[in-house]
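# A look at the structure
Read off the chains here:
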Amino acid sequence: MPKKLTAAQVQQYRDDGFTGPVPVLTPEEVARFRAGLEDFERRDGKHLTFPERSKSHLLFDWADAIVHHPAVLDAVEDLIGPDILCYHLTMHIKEPDTDAVIIWHQDDDYFHLSPAEHVTAWVALSDASEAAGCMRMVPGVYREGALPHIEDPQPNHLIRRGKGIYGRFGEGDGVLVPVPAGSMSLHHTHTPHCSGPNRSGDRRIGVGVSYIPAHVKPMTQPVNSALLVRGQDRFGYYHREERLAAASESAAARAAHEQAYKLYMAATIDR
Ligand SMILES: O=C(O)CCC(=O)C(=O)O
């Protein structure tokens, strides 16, 4: 009996490689978490960018609350079991009426983890409609495993390195996966996905959280750090991150975030 997902959603994930939308946050939580993000941006004088866009849960209490949210973790547990590490987090924000896109790719090509059981929970802090540039995903193709990617950085590509699958999928391929504010989608690491520009009047704010079962191994060196968010880690494959303990942006949080970000940049692929 799944904890959060319906049996049909679990089946859709097994068949298609993704499911959603799954409601996870209350409207009050959405407003509070978005206010936390935008309060930081106001004080910082600019839109969130790297390094704070990456592993934000080690720095900000609102992001920490999302990666530990029981509704999010219950759904993730339904897919990958009870021993869960948060391997990474990237804030995917598209400003209103801008050209930023994400080209067709599989997450595995950035992360290189084995076995391929990594799942991305994409939590919406604003409406990710078709007009706002929600994701498109191709059902069933995840079963083919890793597809060839080419590196081709482009200025309007939200993921800096711009590694993508070229020549196989076009603009209208796959199915749209709109996610209303407070809900999330879940996709498998081999699911090809992309997203178009935000033509809506609001920011499109997505929190992409990468979860893995503790038995999933890193296939690249040096090894990244990861945060145990539920259950036990009997394997110890990753440097251990500590949960944000003090207030957002404290000196200790900044130091822990800086260390984890540096390791991530050295260990894996720019995202
Ligand atoms: O935010 C998007 O449009 C795509 C995000 C993405 O590629 C991911 O979460 O894996």
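See the structure shown above.
Calculation rules
- Residues numbered from 1 in each chain as written.
- Predicted model: local features only at pLDDT ≥ 70, side-chain atom pairs only at ≥ 80, totals over all residues.
- Heavy atoms only, no water.
- Helix = DSSP H or I, 4+ residues; strand = E, 2+ residues; numbered from the N terminus.
- Buried < 20%, exposed > 50% of the residue type's maximum accessible area, 1.4 Å probe, protein only.
- Contact = heavy atoms within 4.5 Å.
- Pairing = 2+ DSSP bridges.
- Axes fitted to C-alpha atoms, helices over the stretch in contact; angles between N-to-C directions.
- Phe/Tyr/Trp six-rings, centres within 6.5 Å; stacked < 30°, edge-to-face > 60°.
- Lys NZ or Arg CZ within 6 Å of the ring centre and 35° of its normal.
- Salt bridge = Lys/Arg side-chain N within 4 Å of Asp/Glu carboxyl O.
- Core = buried A, V, L, I, M, F, W, Y, C linked by side-chain atoms within 4.5 Å.
- Near = heavy atom within 4 Å.
- Polar contact = N/O pair within 3.5 Å; in protein donor to acceptor, adjacent residues only side chain to side chain.
- Nonpolar A, V, L, I, M, F, W, Y, C, P; charged D, E, K, R; others polar.

Mapped onto the elements, methionine 219 comes out in the loop between strand 13 (217-218) and strand 14 (225-230). Look at methionine 219 and you get exposed, because its relative accessible area is 55%. Residues contacting methionine 219, with those up to four places away along its chain left out, are His112, Leu113 and Ser114.

Okay, the sheet that holds strand 3 (residues 102-105) next. Read across the sheet, four strands follow the order 3-11-6-9 without closing on themselves; strand pairing throughout is antiparallel. Two strands bound the open sheet, and with one partner strand each, they are strand 3 and strand 9 (175-177). The average undirected angle you get between the axes of adjacent strands in this sheet is 25°. In terms of strand pairing, strand 6 (residues 135-137) meets strand 11 (residues 193-195) through three bridges, oriented antiparallel.

Our focus in this paragraph is the packing of aromatic side chains. Tallying each qualifying case throughout the model produces six aromatic pairs. Members of the aromatic cluster, joined through ring pairs, are Phe40, Phe60 and Trp62. We note lysine 163 situated over the ring of tyrosine 110; from NZ or CZ to the ring centre the distance is 5.8 Å.

What follows is about the pattern of salt bridges. This structure, assessed with the given rule, holds 23 salt bridges. One salt bridge in this structure joins lysine 55 and glutamate 241, with 2.7 Å as the shortest N-O distance. Residue lysine 55 is found in the loop between helix 2 (27-44) and helix 3 (61-67), and its partner glutamate 241 is found in the loop between strand 15 (239-240) and helix 6 (251-267); the two are separated by 186 residues along the sequence. Since its relative accessible area comes to 0%, lysine 55 is described here as buried.

Moving on: the nonpolar core. With 43 residues, the main nonpolar core has Val76, Met91, Met184, Leu186 and Tyr211 as its most contacted residues. Tallying contributions element by element places helix 4 (residues 70-80) first for this core, with seven residues. Apart from residues lying up to four places away in sequence, methionine 184 is in contact with Gly20, Pro21, Val22, Val24, Ala71, Val72, Ala75, Ala121, Trp122, Val123 and Val179. Formed by 16 residues, the second largest nonpolar core is a distinct cluster that contains Leu85, Phe111, Val216 and Tyr264.

Further remarks concern the site of the ligand. As a matter of local geometry, the ligand sits amid 12 residues, with Asp107, Trp122, His193, Ser195 and Arg204 nearest to it. With respect to the ligand, the side chain of histidine 105 contributes an N or O atom lying 3.1 Å from an oxygen atom. The side chain of serine 195 places a nitrogen or oxygen atom 2.6 Å from an oxygen atom of the ligand. Grouping the constituent residues of the shell around the ligand by class yields three nonpolar, six polar and three charged.

Attention now goes to the environment of glutamate 95. Within the secondary structure, glutamate 95 sits in the loop between strand 2 (84-94) and strand 3. Since its relative accessible area comes to 17%, glutamate 95 is described here as buried. In sequence terms glutamate 95 and alanine 253 are 158 residues apart; their C-alpha atoms lie 27 Å from each other. Once residues within four sequence positions are removed from consideration, glutamate 95 is found in contact with His47, Asn198 and Arg203. A distance of 3.5 Å separates polar atoms of two side chains, one belonging to glutamate 95 and the other to histidine 47.

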